[in-house]
Structure formats: structure tokens, C-alpha cells
Amino acid sequence: NAGVTQTPKFRVLKTGQSMTLLCAQDMNHEYMYWYRQDPGMGLRLIHYSVGEGTTAKGEVPDGYNVSRLKKQNFLLGLESAAPSQTSVYFCASTTAGVYNEQFFGPGTRLTVL
Amino acid sequence: AQRVTQPEKLLSVFKGAPVELKCNYSYSGSPELFWYVQYSRQRLQLLLRHISRESIKGFTADLNKGETSFHLKKPFAQEEDSAMYYCALIKRSNDYKLSFGAGTTVTVRA
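Now for a look at the structure at hand. (Residues numbered from 1 in each chain as written. Chains lettered and ligands numbered in written order. Predicted model: local features only at pLDDT ≥ 70, side-chain atom pairs only at ≥ 80, totals over all residues. Heavy atoms only, no water.)

1. Concerning the overall build of chain B
In step 1: Across its full length, chain B carries zero helices and 11 strands.
In step 2: Counting from the amino terminus, helix and strand elements in chain B follow one another as β-β-β-β-β-β-β-β-β-β-β.
In step 3: Relative to a compact globule of 110 residues, whose C-alpha radius of gyration would be 13 Å, chain B shows 14 Å and is just as compact.
In step 4: For chain B, buried positions account for 45% of its 110 residues.
In step 5: Put simply, 58% of the contacts in chain B that link residues at least 6 apart link residues at least 24 apart.
In step 6: Of the roughly 5600 Å² of accessible surface on chain B, 48% is carried by carbon and sulfur atoms.
In step 7: Considering chain B, the positive charge centre built from 16 side chains and the negative charge centre built from 10 side chains are found 5 Å apart. (Helix = DSSP H or I, 4+ residues; strand = E, 2+ residues; numbered from the N terminus. Rg over C-alpha atoms; globule rule 2.2 N^0.38 Å. Buried < 20%, exposed > 50% of the residue type's maximum accessible area, 1.4 Å probe, protein only. Contact = heavy atoms within 4.5 Å. Areas by Shrake-Rupley, 256 points an atom, 1.4 Å probe, with all protein chains shown as cover. Lys, Arg positive; Asp, Glu negative; His and termini not counted. Charge placed at Lys NZ, Arg CZ, Asp CG, Glu CD.)

2. Section: the pairing of strand β7 (residues 60–64) of chain B
Residues and elements named next belong to chain B.
In step 1: Burial along β7 is one-sided: Ala61 and Leu63 are buried, while Thr60, Asp62 and Asn64, pointing the other way, are not.
In step 2: Alignment of β7 against strand β8 (residues 69–74), held across five bridges, turns out to be antiparallel. Bridge pairing links Leu63 to Phe70 in β8.
In step 3: In sequence, β7 turns back onto β8 through a hairpin of four residues, with Thr68 there showing a positive phi of about 45°. (Pairing = 2+ DSSP bridges.)

3. Let's talk about the sheet that holds strand β3 (residues 19–25) of chain A
Residues and elements named next belong to chain A.
In step 1: If you trace the four strands from one edge of the open sheet to the other, you get β1-β3-β8-β7, paired in antiparallel fashion. Edge strands, defined here as strands with exactly one partner in the open sheet, are β1 (4–7) and β7 (64–67). Pairwise comparison of adjacent strand axes, ignoring direction, gives a mean angle of 20° for this sheet.
In step 2: Direction of pairing for β3 relative to strand β8 (residues 73–78): antiparallel, over a ladder of six bridges. Across the sheet, residue Cys23 finds its bridge partner in β8, namely Phe74. (Axes fitted to C-alpha atoms, helices over the stretch in contact; angles between N-to-C directions.)

4. Some details on the nonpolar core
All names here are of chain B.
In step 1: Core analysis: the largest hydrophobic core is formed by 25 residues, its most contacted members being Leu21, Trp35, Leu47, Leu48, Phe70, Leu72 and Tyr85.
In step 2: Of all the elements in the fold, those that place two or more residues in this core are β2 (10–14), β3 (19–21), β5 (32–38), β6 (45–49), β7, β8, β9 (83–90) and β11 (104–109).
In step 3: Look past the residues within four positions of Leu72 in its chain and what remains in contact with it is Val19, Glu20, Leu21, Trp35, Leu47, Leu48, Phe59, Thr60, Ala61 and Tyr85. (Core = buried A, V, L, I, M, F, W, Y, C linked by side-chain atoms within 4.5 Å.)

As C-alpha cells, then:
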């Protein structure tokens, strides 16, 4: 099993450009999450999904959109990138249960110039 | 709203010395707490969870509800413990969202 994979690993954008980050998991998990990791801020939840076809806003959703058309995939979109969106983005997935581990992807390092 | 505070951004200890990473939380309900770790060039992974009351890689963490703390401890640090450590809290809700602290970078020196 590959677990949680993220595409791409690195990307440099210019302000105003758009892009989509792909997260895929092969563990049949219902729940998926997108976080951003910034120095001194920890991981902050952007958007999440509790099942195929559903999405919800997290702590810092502005400037991002998401879609979960297939259970195994969770896409994060930046419609008009801004320098403030320079960050490392992590995807995670889990099954139902408050004690269950969230499994993380390797991350995508995004720089917006 | 729940909040997780890790007061130390950086922690440097010598090999063989004890290490303690502080974590305090605020939450009105009954939380479940976790420690996640990110080693260099590896993905974030679960280190231990409060409910298991286990010792992983020599680390333990005790939930102190009176002090609202969940400090992570290891009596004898090893160089391979150098990593970023995150304390995280999950509410008892049906979306299983984690709230993370800001993280503590631990460096164990030889």
C-alpha cells in the first residue's frame, strides 16, 4: 500500500496563478484533511471531508477550494495564488473513531512569488 | 474553541539527558490528546495517544486534567529523537478534526 500520496512534491507559482494539489489514499478512509504548515504556527486545517461528495471549511479556508468526487482523492485548489499561501501543504486521512491515527502524506512545498 | 499551546519552539538537550516537551490545552469538554512526530525528511506520524497509556520509543505522556497539560517525557534522550514534535487535541465530534500546537523542534546533541 502506498498510503497517502501527494502530487506535486514542489511547485513555484507566480502571484495570481492557479493550481491544484492532489491527495490520494488507498486505505479506504472516509475522512480526509488538508493542512498547511508554517513556522511557529504548527499545522492549521484548511478544509476537510467526512466522505465522498462532502467538504467543509476548516480553520483557514480563505483562498482555497476543495473537491472530493472520489473517496480516495481529495483535491485542494488555489484559484489565484498569493504570497501568503507560500507554505508546506499536508494531506491526511483516517477512519471513524476518536482514537484513530491520522495518516499523513509527504507534503507539497509551494512557493508563491 | 479548543486550543493547544506548546510554549517551547526549540529544545536542545545532550544525549542521555532527560527531555520534557510541554503541552497545555484548553477545551471545555473531555479531550483526547496525541503526540505526533516529524523526523527529518519523513512524514508526520503518530507517536503516542493518551488513551493507550503506552511508552513508545521510551516516551511517555501523562494527561493532567487539573493542569490541562499533556507533557511528553523521555528519561534518556537519543540522537535519533531529534525531530519536530506536535501536540494535538481531538474533540469528541463526528469529524475527527485535530487541533495542533505550534510544535517543538528537539535537537539532541552528542
